[in-house]
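So the chains spell out like this:
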Amino acid sequence: MGNIIDLFSGCGGMSLGFQWAGFNPAIAIEKDEWAAETYAYNFPTTSVYVEDITKMTDLSKLDENIEIEGILSGSPCQSFSLSGKRDKNDPRGSLFMDFVMFVKYFQPKFCLMENVNGILSMKTMSGANVKDIIVEE
């Protein structure tokens, strides 16, 4: 199987499942230093970037001359969760667009975005359905 990128990787739970399925976690991006440190310990051959994905504008620095077969995203779900405030002004609610940026750049064979059920009914400040924006992008 091929190489994957894990965005919002945390300590690597999603990568582990994909590794068990035969994929190679090649790149991981995680903003939280402690989570990234744990990820690096769990996946010593993966290139781990401790960065804020919203500030990553030049993805070519991640291009390690390897083909990326899949991109995974476990972006924060607080702004979509039915048990939360569902605040349309919460900047975490637009992190899916950073996922889209990675998919457009690397053009993998598949992409997987994990989130909460509430994302299906969430609307933007302008009243657009978040789900429709994700599908369109």
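Residues numbered from 1 in each chain as written. Predicted model: local features only at pLDDT ≥ 70, side-chain atom pairs only at ≥ 80, totals over all residues. Heavy atoms only, no water.

Engineer: I would appreciate a short explanation of the packing of aromatic side chains in the present structure.
Structural biologist: For any pair of aromatic rings, the description rests on two quantities: the centre-to-centre distance and the angle between the ring planes. In this structure the tally under the stated criterion is six aromatic pairs. Here F18 and F110 contribute two aromatic rings whose centre-to-centre distance is 5.9 Å and whose plane-to-plane angle is 10°, an arrangement assigned as stacked. Of the two residues, F18 is situated in helix α1 (residues 13-20) and F110 in strand β5 (residues 110-113); the sequence distance between them amounts to 92 residues. Residue classification places F18 among the buried positions, given a relative accessible area of 17%. Between Y105 and F106 the ring centres are 4.8 Å apart and the planes differ by 80°, which places this aromatic pair in the edge-to-face class. Exposure remark for Y105: the relative accessible area of 37% places this residue in the partly exposed category. (Phe/Tyr/Trp six-rings, centres within 6.5 Å; stacked < 30°, edge-to-face > 60°. Helix = DSSP H or I, 4+ residues; strand = E, 2+ residues; numbered from the N terminus. Buried < 20%, exposed > 50% of the residue type's maximum accessible area, 1.4 Å probe, protein only.)

Engineer: Whenever I open this one, the nonpolar core confuses me. Can you help?
Structural biologist: Nonpolar side chains tend toward joint burial in soluble globular proteins. L7, I29, L62, I71 and F102 are the most contacted members of the largest nonpolar core, which has 16 residues in total. Other than its neighbours up to four places away in sequence, L62 contacts I27, I29, Y49, M56, F102 and F106. (Core = buried A, V, L, I, M, F, W, Y, C linked by side-chain atoms within 4.5 Å. Contact = heavy atoms within 4.5 Å.)

Engineer: How should I be thinking about helix α3 (residues 96-106) in this particular structure?
Structural biologist: Burial in α3 covers these residues: F96, D98, F99, V100, F102 and F106. Directly beyond the C-terminal end of α3, a positive phi value near 45° is found at Q107.

Engineer: Would you explain the pairing of strand β4 (residues 68-73) in this entry?
Structural biologist: Where a strand is regular, its side chains alternate between the two sheet faces. Here β4 lies mainly inside the structure; five of its six residues are buried. As defined by bridge partners, strand β1 (residues 3-7) adjoins β4 across five bridges and the pair is classed as parallel. Note that in β4 the partner of I4 across the bridge is G70. Pairing analysis gives four bridges linking β4 to β5, with the strands arranged parallel. Across the sheet, S73 pairs through a bridge with M113, a residue of β5. (Pairing = 2+ DSSP bridges.)

Engineer: Explanation requested: the sheet that holds β4 in the structure shown.
Structural biologist: Paired through their backbone hydrogen bonds, the strands of a sheet run either parallel or antiparallel. One open sheet accounts for five strands, arranged β3-β2-β1-β4-β5; its pairing is parallel. Looking along the sheet, the strands with just one partner apiece sit at the ends: β3 (47-49) and β5. Going across the sheet, the axis of each strand differs from the next one's by a mean of 20°, ignoring polarity. With respect to the sheet, helix α2 (residues 33-42) is in contact with β1, β2 (24-29) and β3, its orientation differing from that of β3 by roughly 180°. The strands touched by α3 are β1, β2, β4 and β5; relative to β4, the strand with the most contacts, the crossing angle is about 180°. (Axes fitted to C-alpha atoms, helices over the stretch in contact; angles between N-to-C directions.)

Engineer: Quick question: what am I supposed to make of unusual backbone geometry here?
Structural biologist: The phi dihedral of F8 falls on the positive side, at around 55°, and the residue is not glycine. Within the secondary structure, F8 is located in the loop between β1 and α1. Taking the relative accessible area as the measure of exposure, F8 reaches 17% and is therefore buried. Notably, Q107 is not glycine yet its phi reads approximately 45°, a positive angle. Looking at the secondary structure, you find Q107 in the loop between α3 and β5.

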